[in-house]
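Overview (structure and organization)
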Amino acid sequence: MEVQKEAQRIMTLSVWKMYHSRMQRGGLRLHRSLQLSLVMRSARELYLSAKVEAHEPEVPLPPVRSPDPRLHQSREAEAVAEAAPPDGEQPSPEPMDTREAPPAEETPARCAPRPAKVSRKRRNSSLSDGGDVGLVPSKKARLEEEGEGASAEVPDRLQPPPAQAEGAFPNLARVLQRRFSGLLNCSPPAPPTAPPACEAKPACRPADSMLNVLVRAVVAF
Amino acid sequence: MFLKFSLHSMFYGAGGGNDIQWCFSQVKGAVDDDVAEADIISTVEFNHSGELLATGDKGGRVVIFQQEQENKIQSHSRGEYNVYSTFQSHEPEFDYLKSLEIEEKINKIRWLPQKNAAQFLLSTNDKTIKLWKISERDKRPEGYNLKEEDGRYRDPTTVTTLRVPVFRPMDLMVEASPRRIFANAHTYHINSISINSDYETYLSADDLRINLWHLEITDRSFNIVDIKPANMEELTEVITAAEFHPNSCNTFVYSSSKGTIRLCDMRASALCDRHSKLFEEPEDPSNRSFFSEIISSISDVKFSHSGRYMMTRDYLSVKIWDLNMENRPVETYQVHEYLRSKLCSLYENDCIFDKFECCWNGSDSVVMTGSYNNFFRMFDRNTKRDITLEASRENNKPRTVLKPRKVCASGKRKKDEISVDSLDFNKKILHTAWHPKENIIAVATTNNLYIFQDKVN
């Protein structure tokens, strides 16, 4: 219980720091953001493992926890970012699931127009050229959001991109993408496969395009 | 090799630990406790001869101190450092595309070796590197035919005779002028610059990329390292520091936030994404904690003068690596191990993110780094002794020998010891520099620069 409380405190503190660091002079620092994400992830894992241990005899939780915490974390990030008191929330698996529902109602509304929009000219034409295409909401991310209402399905849908569990940024990136969805015009219909980040690197490194600069402003802070 | 090292330090003085006594020499900067943010020192660097000492601050200003020529009569102390030149290197800028302000804070200063009468240095903020020429003017031409002495042009019809202008002495003026501006090459924040041993090129590193520049060419640079993942969501580490090898112009290293150092050879390929060597120490499982990942981030990497070793600084320790051995450092020195149990509090007050630098002495026998409470630490690699000293105005009488300090980690506090809970975490020494040839050190507290030297009998 103590461990859980401490982990929760660290999580909310980390999110607060992340939010606060966006407002400092010089812009968000990538290294700092990464470090905060790492701490948040460790805290989340600790919190959830403590939770699992506490609830083990009662409720068998789904074994794959990493996709869920990212959603959970993004809820927290949103909650704090919208000026909720940092320690006002008491997340637990049950409220966490119900909290996922309301945003799931809004996001499809926002997500739906996206595939229909024509891609702006700055957008990289191919996903496989190793450019900054991963910075815009990918098809995979939208699948996750649409699947929020059915929490049981979430773990399954989130299985495909194993690399995602490694990254420290998915949650905050998604939060910021949602908040800045008006700025980021669209993403083209992306193939429902894992991003080819693990595949062979391109022979030539593509020059950073204007789009990347704009998108980078959001995701890379 | 080892024997040679020890003999060398025996004959020339170990330069650290308890072997030499450090004395206060000077302190520069404002006395009052109310620190103006612009005056916070952000970098300190001696030039190659040690005659000049440059500091950069958060306000974008560079101040250069020059050592007075040694007074032969008063040989009990070395020359003092006095202000030689002050100039505004960088101004705050605004990136309109990203709606971000670009801080003017000077992140690093690096001196070029002196080739003529002028001095050159590179200074950088988050986005732009500038090459500055610092030159002296102690004479000026007088006796122009077409101009009056005050610069006004004479009416040509009044000129009846011709004369040759001559140089006449004037009061020494030190001028700093920006000779090159290297801009628009970094998307992320520049953390390092390093001049190559060819003295023609230099590298600049940001969080994800390292660029190679030619000192004469400002409109393009070569990208030599790029660790940006195709999908930013997969980002797991960033570049924290980079440096060229002091002798091999094809070799450089860069450190990461994961505690690894990669050595790259530019002859291998144009893009050095694949390292030649990877230096990494396996994590001690007994030390694993919540904040393990972030305290393993390397904040500074410095080659030894010999080029045989490199030193890295992470949050709690200093490690010396032999370039021939990748799997673990040859020496590890704990800077403030007593903080390991306080990491949570240090996370809360943001101190855990502090980036400490480290430096070698001229003979590579002693290393130095900063800590909290205005303490700084020196580790003698030969005697294995270490010392903790304090930069404080209380000891500011010249030639006052500094008393070693000790932090009491737990239990009964002895007299003159300071307990961990009494440490002032707002007083941190992040930047230190060691004179390349002598035992003179420059230690920067928040807004003051302290100069200490060893006791000369």
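Residues numbered from 1 in each chain as written. Chains lettered and ligands numbered in written order. Predicted model: local features only at pLDDT ≥ 70, side-chain atom pairs only at ≥ 80, totals over all residues. Heavy atoms only, no water.

Looking at an unreviewed UniProt entry, one finds chain B named Serine/threonine-protein phosphatase 2A 55 kDa regulatory subunit B and attributed to Neovison vison. Per UniProt, chain B carries the Sequence similarities (unreviewed entry) text "Belongs to the phosphatase 2A regulatory subunit B family." (UniProt positions renumbered as here; feature names shortened; annotations may be inferred.)

Chain A appears in an unreviewed UniProt entry as Immediate early response 2 from Neovison vison. In its Sequence similarities (unreviewed entry) section, the UniProt record describing chain A reads: "Belongs to the IER family."

This part covers the overall build of chain B. When helices and strands are tallied, chain B shows three helices and 32 strands. The C-alpha radius of gyration computed for chain B amounts to 24 Å, which stays within 12% of the reference 23 Å derived for 457 residues, consistent with globular compactness. Principal axes of the C-alpha set define a box for chain B whose edges measure 90 × 60 × 50 Å. For chain B, with 457 residues in total, the buried portion stands at 53%. Sequence separation of at least 24 residues holds for 55% of the intrachain contacts in chain B that already meet a minimum separation of 6. Approximately 21,400 Å² of chain B is accessible, and the part contributed by carbon and sulfur atoms is 49%. Chain B carries 59 positive and 67 negative side-chain charges, and their two centres are separated by 4 Å. (Helix = DSSP H or I, 4+ residues; strand = E, 2+ residues; numbered from the N terminus. Rg over C-alpha atoms; globule rule 2.2 N^0.38 Å. Buried < 20%, exposed > 50% of the residue type's maximum accessible area, 1.4 Å probe, protein only. Contact = heavy atoms within 4.5 Å. Areas by Shrake-Rupley, 256 points an atom, 1.4 Å probe, with all protein chains shown as cover. Lys, Arg positive; Asp, Glu negative; His and termini not counted. Charge placed at Lys NZ, Arg CZ, Asp CG, Glu CD.)

Okay, the nonpolar core next. By size, the foremost hydrophobic cluster in this structure holds 35 residues, and its most contacted members are Phe 291, Tyr 315, Leu 339, Leu 346, Tyr 347, Ile 352 and Leu 423 of chain B. Of all the elements in the fold, those that place two or more residues in this core are helix 1 (2–21) and helix 2 (30–55) of chain A together with helix 2 (292–295) and helix 3 (343–348) of chain B. Setting aside anything within four residues of it in sequence, one finds Ile 352 of chain B in contact with Phe 291, Ile 294, Ile 295, Tyr 315, Leu 343, Leu 346 and Tyr 347 of chain B. Counting 18 residues, the second-largest nonpolar core is a separate cluster that includes Leu 389, Ala 391, Ile 429 and Ile 441 of chain B. (Core = buried A, V, L, I, M, F, W, Y, C linked by side-chain atoms within 4.5 Å.)

Attention now moves to the packing of helix 1 of chain A against helix 2 of chain A. Residues and elements named next belong to chain A. Interaxial distance between helix 1 and helix 2 falls to 8 Å at its minimum, and their mutual angle equals 155°. Considered as vectors, helix 1 and helix 2 are oriented roughly antiparallel to each other. Between helix 1 and helix 2 lies a crossing of left-handed hand. Along the contact surface, helix 1 presents Val 3, Gln 4, Ala 7, Gln 8, Ile 10, Met 11, Ser 14, Val 15, Lys 17 and Met 18, while helix 2 presents Ser 33, Leu 36, Ser 37, Val 39, Met 40, Ala 43, Arg 44, Leu 46, Tyr 47, Ala 50, Lys 51 and Ala 54. (Axes fitted to C-alpha atoms, helices over the stretch in contact; angles between N-to-C directions. Parallel < 35°, antiparallel > 145°, perpendicular 65-115°, else oblique. Left-handed = near helix turned anticlockwise from the far one by under 90°.)

Attention shifts here to the pairing of strand 9 (residues 119–124) of chain B. Residue and element names in this part refer to chain B. Most of strand 9 sits inside the fold, with five of its six residues counted as buried. Of the strand pairs in this sheet, strand 8 (residues 108–111) and strand 9 are connected by four bridges, and their pairing is antiparallel. In the strand pairing of strand 9, Trp 111 is matched with Leu 121. Alignment of strand 9 against strand 10 (residues 129–142), held across six bridges, turns out to be antiparallel. Bridge pairing in strand 10 places Phe 120 opposite Lys 133. Taking the residues between adjacent antiparallel strands as the criterion, strand 9 and strand 10 are bridged by four residues. (Pairing = 2+ DSSP bridges.)

Next up on the list: the packing of aromatic side chains. Residues and elements named next belong to chain B. Evaluation of the coordinates by the stated rule reveals 21 aromatic pairs over all chains. Measuring from centroid to centroid gives 5.3 Å for Phe 356 and Tyr 372, while their planes differ by 90°, and the two rings are edge-to-face. Of this pair, Phe 356 sits in the loop between helix 3 and strand 24 (358–360) while Tyr 372 sits in the loop between strand 25 (366–370) and strand 26 (375–380), placing them 16 residues apart in sequence. Here Phe 356 matches Tyr 372 in class, with each residue buried. Each residue in the set Phe 24, Phe 376, Tyr 450 and Phe 452 is aromatic and connected to the rest through ring pairs, giving one cluster. Taking the ring centre of Tyr 144 as reference, the NZ or CZ of Lys 147 above it sits at 4.7 Å. (Phe/Tyr/Trp six-rings, centres within 6.5 Å; stacked < 30°, edge-to-face > 60°. Lys NZ or Arg CZ within 6 Å of the ring centre and 35° of its normal.)

Now for the pattern of salt bridges. Applying the stated rule across the entire model yields 37 salt bridges over all chains. Close ionic contact of Glu 348 of chain B with Arg 9 of chain A constitutes a salt bridge, the shortest N to O distance being 2.8 Å. Of this pair, Glu 348 of chain B sits in helix 3 while Arg 9 of chain A sits in helix 1, on two different chains. Under the relative-accessibility criterion, Arg 9 of chain A is labelled partly exposed at 32%. A salt bridge links Arg 267 of chain B to Asp 265 of chain B; the shortest N-O distance between them is 2.8 Å. (Salt bridge = Lys/Arg side-chain N within 4 Å of Asp/Glu carboxyl O.)

Moving on: the sheet that holds strand 1 (residues 22–28) of chain B. All names here are of chain B. With antiparallel pairing, the four strands of this open sheet are ordered in space as 1-32-31-30. In this open sheet, the two strands that pair with only one neighbour each are strand 1 and strand 30 (431–434). The sheet shows a mean angle of 20° between the axes of neighbouring strands, taken without regard to direction. Where strand 31 (residues 440–444) lies against strand 32 (residues 449–454), five bridges are found, and the strand directions are antiparallel. Bridge pairing links Ala 444 to Leu 449 in strand 32.

A word on the sheet that holds strand 9 of chain B. Residue and element names in this part refer to chain B. The antiparallel open sheet is built from four strands, whose spatial order is 8-9-10-11. The open sheet has two edge strands with one neighbour each: strand 8 and strand 11 (166–182). Mean inter-strand twist for the sheet, computed between neighbouring axes without regard to direction, equals 25°.

This part takes up the side chain of Arg 110 of chain B. Residues and elements named next belong to chain B. Along the chain, Arg 110 falls in strand 8. A residue is classified by how much of its surface remains accessible, and Arg 110, at 12% relative accessible area, is buried. Side chain to side chain, Arg 110 and Glu 45 meet in a polar contact 3.1 Å long. Look past the residues within four positions of Arg 110 in its chain and what remains in contact with it is Glu 45, Leu 121, Leu 122, Ile 193, Ile 195 and Lys 302. (Polar contact = N/O pair within 3.5 Å; in protein donor to acceptor, adjacent residues only side chain to side chain.)

Looking at chain A as a whole, its pLDDT mean stands at 53, while 25% of the residues score no less than 70. Note that residues 59–134 of chain A has pLDDT below 50 and, in this model, 129 contacts with residues that lie over four places away or in other chains. (pLDDT = per-residue confidence, 0-100.)

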